[in-house]
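Spelled out from the first residue to the last, the chains are:
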There are 2 protein chains.
Amino acid sequence: MKFEHYDDAALRAQLRGDRFAVVYRIRGGEREALEIAEAMCVEQTVEFPARHIECPAIHDGILGQIDYDEDAGDGWRRVDITYAGEIAGADFPQLLNVVFGNSSLIPGIVLERICLPEDMKRTFPGPRFGVEGLRERLGVYGRPLAVTALKPMGLPPAALAEIGYQCALGGIDMLKDDHGLMDQPFASFRERVEQVAAAVRRGNEEIGGHTAYIPNVSGSLRHMDDRLKLAVDCGCGAVMVAPGLMGFDLIGYAAEKTGLPVVCHPAWLGSSLHRGEGGVDCACLLGQLPRLAGADITVFPNFGGRFSLTEAECAGIRDMAGEDQGTVRPIFPAPAGGMTFDKVPRMRSFYGDDAALLMGGGLFTAPGGLAENCRRFIEQLNKV
Amino acid sequence: MKFEHYDDAALRAQLRGDRFAVVYRIRGGEREALEIAEAMCVEQTVEFPARHIECPAIHDGILGQIDYDEDAGDGWRRVDITYAGEIAGADFPQLLNVVFGNSSLIPGIVLERICLPEDMKRTFPGPRFGVEGLRERLGVYGRPLAVTALKPMGLPPAALAEIGYQCALGGIDMLKDDHGLMDQPFASFRERVEQVAAAVRRGNEEIGGHTAYIPNVSGSLRHMDDRLKLAVDCGCGAVMVAPGLMGFDLIGYAAEKTGLPVVCHPAWLGSSLHRGEGGVDCACLLGQLPRLAGADITVFPNFGGRFSLTEAECAGIRDMAGEDQGTVRPIFPAPAGGMTFDKVPRMRSFYGDDAALLMGGGLFTAPGGLAENCRRFIEQLNKV
């Protein structure tokens, strides 16, 4: 069909930027996978029977295009599809929508990687700080960052503040809220953030330290701007966002509103992991998407802990966090879950120095007291 | 360990509300599933080795509690875990976080259903309109709603407006943006919404119609308030939110900011579907969560179309959208994808009258012209 007021030349003139590529794995043989990929080229863009669209520039420019395909082993094919950058516009959610919006609903499709051309990296520039910028803020070089978590839920603000104080006295690099801490009657967001930030500042002043307190801001949008402002006003060192709960766009929004680094937490995100039947590949979900969205640190469940990721999956996240992506800065992978002192050397050799090692319960419950254990953690990391 | 400034009696006094239950399916035999469930009681709350917490009220009140378990067939157990309502507080993202935050990262766990007590339904009241309220707004009773989608991407605002005008002339109940339409150089959000809304209004005036235009607002949070305001200023009949891209909280936020009904779109959400290895059960993901978040309509891929849901899964969504949940209003299930005129009678008998049937490409490409096809769609639904 033809569409009134459609101007083919005008559309063609508006589609001048480079196309971006998305790498998928599709279950099936060559023919089956290519059929699915062809459907995706339509599904992710015009969502309209293509043969009925009598608009050449839509066919040439708006529809997805299969660029490459190869065998990916085990009954899967790897297929690259390119899309016009203009379709994504300047909205990160729309970029994700083009990449995997409707295709996410079809089983047997895995989102593996997004490859942006340089002009789109100006629109989606990634983290503001990254590894280098965060090291500068903290003044920590030549070793992994030492991170712990404020917990357990149920403590009142004064008790959490005491923990923050001890952590700062012990010189931990970063203290993030446990992801369950939000705004609860026994510890409201405001009281917690004010009291913990003040206690951390006091500890920092006493020892000349640099501990950064990182409140979790993954609550209702109704209070988002107020909470982000409070984090800034209290001198917090970063904010933590769970994109599985809030969408990836909040990462960039929080970075822009606060001017602070952003820590990405994987809560709820696990439901999107490809576990055999389709979804988002681990390295993409927990490595590339947080980085592209603008996080400076990506927290994920370490292998060998109580969660499920394999060593290879964790290596994939590590590599995706650190690899050269031109102007998009590398970020810190932050393996977490079940970390103990005796695992630290192995984790350091696995993740390298540009990692943030997160020890929670293991740091609290080891003999010696919290401040002392923080010191021990740092000392352990200071030994090359 | 003990925690300074912890006050057991004070915490106990703050945990007075009813607990809420979450139904999970866990893969494994009875013993294995209960072990995982016990770990979840900790993981979803204190995330701290429980034996080290010397705080009785945290054990009694904050930790999750296994309430019930039964065989769920095929090597799965169904396990109910209850949590203190106070943990969720008044933040919808935090409710979801308690329900499935970290557990989403463990394979073999399915989120099946959230059961809120009455006092929590006051905090999380669900949709503002629901089936009854939306029928009142549209003046449509006794039949399913007829919905179509504005497409294809690539058309300029004037061409989209012409489509909107034809749809209004044809008397369609609702015209939603295709989910790919956001803010693109060839059709900016502002121009599209202004022009389409005006054209729909003109069509409505000519025939005394009620077509509601529903723009997609699933773009960057940076522009969210402006876009929501524009939707109101232009007289749009609802707004559309994709919680897979934006988080479920945006549904309630958009409802509150605009005072309009909200349509939930499943883009990206498919990655969270349980397809055998864990994730969110279909009826929960596309039925209960949109409803609880405050959507008035939930769009999902119909069975027999080009997507993957089974008839049973679609029945589950239908039932979850419509079942009696006390003060939380029923909403319209909106099956979409591959709908054609000949399928309408079967869909009506399957989904019942309290459904919104979404015909996109099939309505555009059927012989007769768009306005005529809209009339035919409505006539078909007016026949009992």
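Note that the coordinates shown come from a computational prediction; the quantities given were computed from them, not determined experimentally.

A. Structural context of the domain arrangement of chain A. Residue and element names in this part refer to chain A. The domain boundaries assigned to chain A delineate domain 1 (8-123) and domain 2 (130-382). Computed over C-alpha atoms, the centres of domain 1 and domain 2 are 34 Å apart. Taken together, the contacts link 19 residues of domain 1 with 20 residues of domain 2. Here domain 1 and domain 2 share an interface that buries about 1500 Å² over both sides, 59% of which is from carbon and sulfur atoms. When the buried area of domain 1 at its contact with domain 2 is split by residue, Phe-92, Arg-113 and Lys-121 rank highest and sum to 34% of it. Across the domain 1-domain 2 interface, the total number found is three salt bridges. One can count nine residue pairs in polar contact (both at pLDDT 80 or more) joining domain 1 with domain 2. Secondary-structure elements contributing two or more residues to the side of domain 1 that touches domain 2 are strand 1 (19-27), helix 5 (92-100), strand 4 (109-115) and helix 6 (118-123). In terms of residue count, strand 4 provides more of the side of domain 1 that touches domain 2 than any other element does, six residues in total. Broken down by class, the residue content of the side of domain 1 that touches domain 2 amounts to 12 nonpolar, one polar and six charged.

B. Layout of the side chain of Thr-148 of chain A. The topology assignment puts Thr-148 of chain A in strand 5 (residues 145-150). Here the side chain of Thr-148 of chain A touches Met-359 of chain A through a polar contact of 2.6 Å, landing on its backbone oxygen.

C. View of the pairing of strand 5 (residues 145-150) of chain B. Residues and elements named next belong to chain B. Summarising burial for strand 5: six of the six residues are buried, a large majority. Here strand 5 runs beside strand 6 (residues 174-177); their pairing, made up of four bridges, is parallel. What sits directly across from Val-147, in strand 6, is Met-174. Handedness of the strand 5-helix 8 (residues 157-169)-strand 6 crossover: right-handed.

D. Region of interest: the interface of chain B and chain A. The interface is formed by 87 residues belonging to chain B together with 87 residues belonging to chain A. Summed over both partners, the interface of chain B with chain A comes to about 7900 Å²; 63% of that surface belongs to carbon and sulfur atoms. Our enumeration of links across chain B and chain A arrives at four salt bridges. The salt bridge partner of Asp-91 of chain B is Arg-227 of chain A, with a shortest N-O separation of 2.7 Å. Across the chain B-chain A interface, the total number found is 39 residue pairs in polar contact (both at pLDDT 80 or more). Taken together, the residues of the side of chain B that touches chain A break down into 44 nonpolar, 27 polar and 16 charged.

E. Just the pattern of salt bridges, in detail. All chains considered together, the criterion is met by 50 salt bridges over all chains. Note that Asp-225 of chain A and Lys-257 of chain A form a salt bridge whose closest N and O atoms lie 3.8 Å from each other. Remark: Lys-257 of chain A occurs in helix 12 (residues 249-258) and Asp-225 of chain A occurs in helix 10 (residues 224-233); sequence separation between them is 32 residues. With relative accessibility at 47%, the residue Lys-257 of chain A sits in the partly exposed group. The partner of Asp-353 of chain B in a salt bridge is Arg-348 of chain B, with the nearest N and O atoms 2.9 Å apart.

F. Region of the structure containing the pairing of strand 5 of chain A. Pairing of strand 5 of chain A with strand 13 (residues 356-358) of chain A, which is carried by three bridges, proceeds in the parallel orientation. The residue of strand 13 of chain A that forms the bridge with Ala-146 of chain A is Leu-357 of chain A.

G. View of the relation of the copies chain B and chain A. When chain B is brought onto chain A, the operation consists of a screw motion whose angular component is 180° and whose axial shift is 0.0 Å, with 0.0 Å RMSD remaining. Between the two chains, the operation in question is that of a two-fold axis. A high fraction, 100%, of the interface residues of chain B reappear at the interface in chain A, so the copies pair face to face through one surface.

H. Representation of the confidence of the model for chain A in the model. Scored by pLDDT, chain A has a mean of 97; 100% of the residues are at 70 or more. Under the prediction, the complex receives an ipTM of 0.97, its pTM being 0.98.

I. Representation of helix 17 (residues 370-382) of chain A within the structure. All names here are of chain A. The first and last C-alpha atoms of helix 17 sit 18 Å apart over 13 residues, in line with the 18 Å expected at 1.5 Å per residue. Taken together, the buried positions of helix 17 are occupied by Leu-370, Ala-371, Asn-373, Cys-374, Phe-377, Ile-378 and Leu-381. Buried residues along helix 17 cover an arc of 165° about the axis, so they all sit on one side. Elements that come into contact with the buried residues of helix 17 comprise strand 5, helix 8 (157-169), helix 15 (344-351), strand 13 and helix 16 (361-365).

J. Quick look at helix 9 (residues 189-207) of chain B. Residues and elements named next belong to chain B. A rise of 1.5 Å per residue sets the reference length of helix 9, with its 19 residues, at 27 Å; its end C-alpha atoms lie 27 Å apart and thus fit the reference within 8%. Those residues of helix 9 that are buried lie in contact with strand 5, helix 8, strand 6, strand 7 (212-214) and helix 10 (224-233). At the C-terminal side of helix 9, Gly-208 shows a positive phi close to 65°.

K. Geometry of the side chain of Asn-373 of chain B. Relative to the elements of secondary structure, Asn-373 of chain B occurs in helix 17 (residues 370-382). Ignoring any residue separated from it by four or fewer positions in sequence, one finds Asn-373 of chain B in contact with Phe-341, Leu-363, Ala-366, Pro-367 and Gly-368 of chain B.

L. Up close: the packing of aromatic side chains. Summed over the entire model, instances satisfying the criterion amount to 20 aromatic pairs over all chains. Ring centres 5.7 Å apart and planes at 40° place the aromatic pair Phe-20 of chain B and Tyr-83 of chain B in the tilted group. Of the two residues, Phe-20 of chain B is situated in strand 1 (residues 19-27) and Tyr-83 of chain B in strand 3 (residues 76-84); the sequence distance between them amounts to 63 residues. For the pair formed by Phe-20 of chain B and Tyr-83 of chain B, the shared burial category is buried. Here the aromatic residues Phe-300, Phe-303, Phe-350 and Tyr-351 of chain A are joined through ring pairs into a cluster of three or more. In this arrangement the basic side chain of Arg-202 of chain A is found over the ring face of Tyr-165 of chain A, its NZ or CZ atom lying 4.1 Å from the centre. Just above the ring of Phe-341 of chain B sits the side chain of Arg-376 of chain B; from NZ or CZ to the centre is 3.8 Å.

About the criteria used
- Residues numbered from 1 in each chain as written.
- Chains lettered and ligands numbered in written order.
- Predicted model: local features only at pLDDT ≥ 70, side-chain atom pairs only at ≥ 80, totals over all residues.
- Heavy atoms only, no water.
- Domains from an automatic or database assignment.
- Contact = heavy atoms within 4.5 Å.
- Buried area = accessible area lost by both parts, 1.4 Å probe.
- Salt bridge = Lys/Arg side-chain N within 4 Å of Asp/Glu carboxyl O.
- Polar contact = N/O pair within 3.5 Å; in protein donor to acceptor, adjacent residues only side chain to side chain.
- Helix = DSSP H or I, 4+ residues; strand = E, 2+ residues; numbered from the N terminus.
- Nonpolar A, V, L, I, M, F, W, Y, C, P; charged D, E, K, R; others polar.
- Buried < 20%, exposed > 50% of the residue type's maximum accessible area, 1.4 Å probe, protein only.
- Pairing = 2+ DSSP bridges.
- Right-handed = clockwise from strand over helix to strand, strands pointing away.
- Least-squares fit on C-alpha atoms with pLDDT ≥ 70 in both.
- pLDDT = per-residue confidence, 0-100.
- Expected span 1.5 Å × (residues − 1).
- Arc of directions from axis to C-beta.
- Phe/Tyr/Trp six-rings, centres within 6.5 Å; stacked < 30°, edge-to-face > 60°.
- Lys NZ or Arg CZ within 6 Å of the ring centre and 35° of its normal.

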